[in-house]
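Listed below, chain by chain, are the residues.
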Amino acid sequence: MAKSTVKFRDTVAQADRIAAEIAARRFAPLYLLMGEESYFIDRIAGQLARSVLTEAERAFNQIVVYGKDTEAGQVVNLCRQMPMMGSYQVVILKEAQQLRGLDKLSLYTQNPAPTTILAICHKEKNADKRSAFYKGCAAHGTVLESVRPRDYEIAGWLQQFIRDKGLAIDPKALSMLTDHLGTDIAKIANELRKLTVSLPEGTTRITDADIETHVGISKEFNNFELCKAVLAKDAARALAIADHFARNPKDNPLIVTVMALFGQFKQLFVLNYLRWQSRHKGMPFPPDAELMRLVRVNNIYAIGELKQYAATWDNRKVFAVLGLLREYDAKSKGIGAGGASNGELLRELLLKIFLQ
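None of the values given here were measured: they were computed from a predicted structure.

### With respect to the overall build of the chain
Counting its secondary structure elements, the chain contains 17 helices and seven strands. Judged by the C-alpha coordinates and their principal axes, the chain covers about 75 × 50 × 50 Å. Here the analysis covers contacts within the chain between residues at least 6 apart in sequence; of these, 76% occur between residues at least 24 apart. Surface summary for the chain: the accessible area is close to 18100 Å², and the carbon and sulfur share equals 52%.

Now the structure itself:
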């Protein structure tokens, strides 16, 4: 099967478009919601479940079935039924990847009933795009291909998610969230929903104090502060944070810390290389707006800090640190760790970085 060319940003745009059409009551007869990222699949299926029918109509005309408990023929028969006392019936097929004889649904997807809205939730992977089933969905309905974000795509999505709620978020608070919650956007969205409910009335900006109070992430001991201490060559501060991480290993996995440091030093490497090109090849040093795009930073303040740090870390040292981080990434996964704890490995890594 050909590798998908759909990017995370395409998924976000497509999900937003589908959500807007549903809100405007422009329904498709079929929705194939497929892919590895479950968040957008659940979001669209949930919106259909809530908004197509009234509460009274749902009792008669909304059916949820699970792939592992049913067969394709049963789903087709359900979809061919006429709605009772309403214009539509809604059939939601969950765990469609477990449905026996999924391709037999092509008998329906190639000729869907106009009074049925069928949502097919196909998680963990895409449906086969060469199949008659998929081609029927694409020709007569709406297809959402839901891909997982890369780590560098989370911050931008999260900022927009927060902006859509009428809020802004400080850079440190943003870093605390993304470092702590990783790329699990369903978990991030859930934490943010709880956070926004807890914020005092009239709040317009989420701060590190809000994250500490309502999400439980320390504003003093986190990967944002550790990276800042390392780039500033503040060994005492960095080792104090490392000691805190060692005492709370479940909340501060080494692999996430290594990834955060790697991202920062990779940004320094890019900035130093651009500066070298400017000095030795006469190429213009990019303006801040272009630098933000090149190093994937979302605010001008962070670019200013990175330029200051880059001046104190030449690229020979940066390259050596990147090598160390690759080594300790392997150790964080148990390769060559020699039985050392994550806390011991982090302290060892920091000492080696500061010796560069």
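### Some remarks on the layout of surface pockets
When its volume is computed, the largest pocket comes out at roughly 1400 Å³. In this structure, the largest pocket is lined by 48 residues; those nearest its centre are Asp-179, Ala-260, Gly-263, Gln-264 and Gln-267. Within the residue set of the lining of the largest pocket, elements represented by two or more residues are helix 7 (151–163), helix 8 (171–181), helix 11 (223–231), helix 13 (254–280), helix 15 (300–310) and helix 16 (315–332). Top contributing element to the lining of the largest pocket by residue count: helix 13, with ten residues. Of the residues belonging to the lining of the largest pocket, the class tally is 24 nonpolar, eleven polar and 13 charged.

### A word on the sheet that holds strand 4 (residues 116–123)
Taken in spatial order, the five strands make up an open sheet running 2-3-4-1-5, and their pairing is parallel. Looking along the sheet, the strands with just one partner apiece sit at the ends: strand 2 (62–66) and strand 5 (142–146). Across the sheet, the mean angle separating the axes of adjacent strands is 10 degrees when strand polarity is ignored. Where strand 1 (residues 30–35) and strand 4 come together, six bridges link them in parallel fashion. Within the sheet, the bridge partner assigned to Met-34 lies in strand 4 and is His-122.

### Observations regarding unusual backbone geometry
Phi angles above zero are rare outside glycine, and Met-85 is one such case at about 55 degrees. Among the secondary structure elements, Met-85 is positioned in the loop between helix 4 (72–80) and strand 3 (89–94). Positive phi outside glycine occurs at Arg-296, with the angle close to 60 degrees. Note on placement: Arg-296 falls in the loop between helix 14 (288–294) and helix 15.

### Section: helix 17 (residues 342–354)
An α-helical turn contains 3.6 residues, so any two residues separated by three or four positions project in the same direction. Compared with an ideal rise of 1.5 Å per residue, which puts 13 residues at 18 Å, helix 17 spans 18 Å between its outermost C-alpha atoms and is within 8% of the ideal. Among all positions of helix 17, only Leu-345, Leu-346, Leu-349, Leu-350 and Ile-353 are buried. For helix 17, the angular spread of buried residues about the axis comes to 130 degrees, placing them on one side. Buried residues along helix 17 sit against helix 11, helix 12 (235–247), helix 13 and helix 16.

### Observations regarding the environment of Ala-320
Residue position: Ala-320 is located in helix 16. Note on Ala-320: relative accessible area 28%, which makes it partly exposed. Each C-alpha atom of the pair Ala-320 and Ile-217 lies 31 Å from the other, and the pair is 103 residues apart in sequence.

### Details of the environment of Lys-125
Within the fold, Lys-125 resides in the loop between strand 4 and helix 6 (132–140). The contacts of Lys-125, once residues within four sequence positions are left out, are Met-34, Gly-35 and Glu-36.

### Some words on the pairing of strand 4
Among the eight residues of strand 4, seven are classified as buried, and the element is accordingly described as predominantly covered. As judged from the five bridges shared by strand 3 and strand 4, these two strands associate in the parallel manner. Residue pairing across strands places Ile-92 opposite Ala-119, the latter belonging to strand 4.

### Brief notes about the packing of helix 13 against helix 17
Taken N-terminus to C-terminus, the directions of helix 13 and helix 17 make an angle of 20 degrees; their axes are 10 Å apart at the nearest point. Taken together, helix 13 and helix 17 sit at an angle that is classed as roughly parallel. Facing helix 13, whose interface residues are Leu-254, Thr-257, Val-258, Leu-261 and Phe-265, helix 17 presents Asn-342, Leu-345, Leu-346, Leu-349 and Ile-353.

Criteria and thresholds
- Residues numbered from 1 in each chain as written.
- Predicted model: local features only at pLDDT ≥ 70, side-chain atom pairs only at ≥ 80, totals over all residues.
- Heavy atoms only, no water.
- Helix = DSSP H or I, 4+ residues; strand = E, 2+ residues; numbered from the N terminus.
- Contact = heavy atoms within 4.5 Å.
- Areas by Shrake-Rupley, 256 points an atom, 1.4 Å probe, with all protein chains shown as cover.
- 1 Å grid on protein atoms, 1.4 Å probe; cavity = no way out; pocket = protein on both sides within 12 Å on 5 of 7 lines; lining within 4 Å.
- Points joined across faces, edges and corners; volume = space filled by probe spheres on them.
- Nonpolar A, V, L, I, M, F, W, Y, C, P; charged D, E, K, R; others polar.
- Pairing = 2+ DSSP bridges.
- Axes fitted to C-alpha atoms, helices over the stretch in contact; angles between N-to-C directions.
- Expected span 1.5 Å × (residues − 1).
- Buried < 20%, exposed > 50% of the residue type's maximum accessible area, 1.4 Å probe, protein only.
- Arc of directions from axis to C-beta.
- Parallel < 35°, antiparallel > 145°, perpendicular 65-115°, else oblique.

That is the geometry; function is a separate question.
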